[in-house]
Amino acid sequence: MKKIIAAALALLLLPVPAFAQDVSKIPPAVFALSGCWRGEGAVMGKPVTIALTAYPIVEGAMFAIDAESRATADPKDRYAAHLLFGDGGKDGAIAGYWADSFGAAYTATGKGAPTAEGFAITYPYPDADFVNQWQRKDGGLVWQITARDKAGKESLFARYTLREASCGKAAG
């Protein structure tokens, strides 16, 4: 029995191959959003409050953002989204996934890349492409979403200005 235990312990000392993704392929601008954020903004002209929690997942191979917002005029008018980001397969490319409180029929996969100010990722939907721009600015965070219709016409869909906050219960 002692020989079996000794052999099992010896196996624990063997090097384990690394299977995790090389996180250096994910642009640093994505990881720069780590932490908790609170702020205000507007969605289609409607004022809202917003809370984000942003964190690495799956051993740092991907990054997640949980967003919760409420309309300022009607706290029962709520929205939530779960965003995932990871290596897009090409130098600096970002792959993304969008899921929200509208349900599975409104999920989307996106593609993006770093910008001089942060990063941008575009999610195609049947009626328009939604370009999300993330930018650390003046000690805070700006998240802007522009809708681009199939003819190429752009309109502001949402814009949020957030500041770092302690991590606790989200405001949404």
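Described in the following lines is the structure provided in the data block.

Rules used throughout
Residues numbered from 1 in each chain as written. Predicted model: local features only at pLDDT ≥ 70, side-chain atom pairs only at ≥ 80, totals over all residues. Heavy atoms only, no water. Phe/Tyr/Trp six-rings, centres within 6.5 Å; stacked < 30°, edge-to-face > 60°. Helix = DSSP H or I, 4+ residues; strand = E, 2+ residues; numbered from the N terminus. Buried < 20%, exposed > 50% of the residue type's maximum accessible area, 1.4 Å probe, protein only. Core = buried A, V, L, I, M, F, W, Y, C linked by side-chain atoms within 4.5 Å. Contact = heavy atoms within 4.5 Å.

Under the counting rule described, the total for this entry stands at twelve aromatic pairs. Geometrically, the ring pair formed by W98 and W143 is tilted, given 6.2 Å between the ring centres and 55° between the ring planes. Pair noted here: W98 is in strand β5 (residues 94-100) and W143 is in strand β9 (residues 140-149), with a separation of 45 residues, a long-range link. Note on W143: relative accessible area 2%, which makes it buried. On the numbers, 5.0 Å between centres and 40° between planes, the contact of W143 with Y160 is tilted. Of the two residues, W143 sits in strand β9 while Y160 sits in strand β10 (residues 154-165), which places them 17 residues apart along the sequence. The burial state of W143 is the same as that of Y160; both residues are buried. Taken together, F85, W98, F119, Y123, W134, W143 and Y160 form an aromatic cluster joined through their ring pairs.

Positioned with a positive phi, V58 is a non-glycine residue whose angle comes to about 40°. Residue placement: V58 occurs in the loop between β2 (46-57) and β3 (62-71). V58 gets classed as exposed once you look at its relative accessible area, which sits at 54%. Backbone geometry at E59 places phi at a positive 55°, although glycine is not the residue there. Accessibility expressed as a relative area gives 74% for E59, which makes it exposed.

L52, I65, F85, W134, W143 and Y160 are the most contacted members of the largest nonpolar core, which has 32 residues in total. Here I65 is in contact with L33, L52, T53, A54, A81, H82, L83, F85 and W134, once residues within four sequence places are set aside.

Once that is clear, we can look at the environment of M44. Mapped onto the secondary structure, M44 falls in the loop between β1 (35-43) and β2. Take M44: its relative accessible area is 63%, and that puts it in the exposed class. Sequence separation of M44 and L156 is 112 residues, and the distance between their C-alpha atoms is 7.4 Å.

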